[in-house]
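# Reading the structure
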Amino acid sequence: SQTIHQWPATLVQPVGSPLSLECTVEGTSNPNLYWYRQAAGRGLQLLFYSVGIGQISSEVPQNLSASRPQDRQFILSSKKLLLSDSGFYLCAWTKAGTDTQYFGPGTRLTVL
Amino acid sequence: AQSVAQPEDQVNVAEGNPLTVKCTYSVSGNPYLFWYVQYPNRGLQFLLKYITGDNLVKGSYGFEAEFNKSQTSFHLKKPSALVSDSALYFCAVGGPGTGNNRKLIWGLGTSLAVNP
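Keep in mind that this is a model prediction, so the values were computed, not measured.

### Digging into the state of the cysteines
Enumeration according to the criterion identifies two disulfides over all chains in this entry. In this model, Cys 23 of chain A is linked to Cys 91 of chain A through a disulfide, with the two sulfur atoms separated by 2.0 Å. Looking down the S-S bond of the Cys 23 of chain A and Cys 91 of chain A bridge, the torsion is -75°, so its handedness is left-handed. Placement of Cys 23 of chain A in strand β3 (residues 19–26) and of Cys 91 of chain A in strand β9 (residues 87–94) is noted, with a sequence separation of 68 residues between them. The exposure classification of Cys 23 of chain A matches that of Cys 91 of chain A, with both residues buried. Residue Cys 23 of chain B pairs covalently with Cys 91 of chain B via a disulfide, S to S 1.9 Å. In this structure the cystine formed by Cys 23 of chain B and Cys 91 of chain B twists about its S-S bond by roughly -65°; its chirality is therefore left-handed. Here Cys 23 of chain B, found in the loop between β3 (19–21) and β4 (24–26), pairs with Cys 91 of chain B, found in strand β10 (residues 87–94); they are 68 residues apart in sequence, far enough to count as distant.

Okay, structure coming up:
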């Protein structure tokens, strides 16, 4: 069966520090991968999605970036965090050619 | 513009009573419709989806949803609510016919509180 992992589970970072969040999927190949942010108000904002290695689509211009160095690995990064980057970050995957998204456990990021 | 609306921020229901969480959509093409549930500080869990066929879709944990094309709705229902159903529920729409290229359009979520 397929599983999706995210780490770390929680993170507290000072403003201006770098960020790296990791997401990996097991038990499937060539998945579509997604990064979302969920602010305190609860709506989901799609940040990036990827249909293959090195293929990243950005949905919202901001100081975040994403990379997909391996088929089942998706990384969310920032060079300098802002207070507004605080939130709950969720990674999701779909089987290629399908639409049902399966989510990881999330990372709670607090920027102070 | 394509959109999904969950008109109720919060729904309160007594344990044992039926529950309904509403969702309406506006998309071009034939939609794929989804319901997800999120417990506090957890990722979203897939409940059910409508792609085609029978308008009544059954999903996990006793939930079901009815696709109504004329009313462009996809309401989530359960005959008898449990306290453990208390969570945040999201409706989403996607599908190749909507031109979204494997992305989903999400509602803002409805907080369900089931009172003992």
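### Some points on the interface of chain B and chain A
Contacts between chain B and chain A engage 23 residues on the former and 22 residues on the latter. Regarding the contact of chain B and chain A, the summed buried area is about 1,800 Å², with carbon and sulfur atoms giving 50% of it. Per-residue buried area on chain B facing chain A is highest for Arg 102, Lys 103 and Trp 106 of chain B; these three make up 34% of the total on that side. Taken together, the links from chain B to chain A amount to one salt bridge. Along the contact surface separating chain B from chain A lie six residue pairs in polar contact (both at pLDDT 80 or more).

What counts and how
Residues numbered from 1 in each chain as written. Chains lettered and ligands numbered in written order. Predicted model: local features only at pLDDT ≥ 70, side-chain atom pairs only at ≥ 80, totals over all residues. Heavy atoms only, no water. Disulfide = S-S within 2.5 Å. Helix = DSSP H or I, 4+ residues; strand = E, 2+ residues; numbered from the N terminus. Buried < 20%, exposed > 50% of the residue type's maximum accessible area, 1.4 Å probe, protein only. Contact = heavy atoms within 4.5 Å. Buried area = accessible area lost by both parts, 1.4 Å probe. Salt bridge = Lys/Arg side-chain N within 4 Å of Asp/Glu carboxyl O. Polar contact = N/O pair within 3.5 Å; in protein donor to acceptor, adjacent residues only side chain to side chain.

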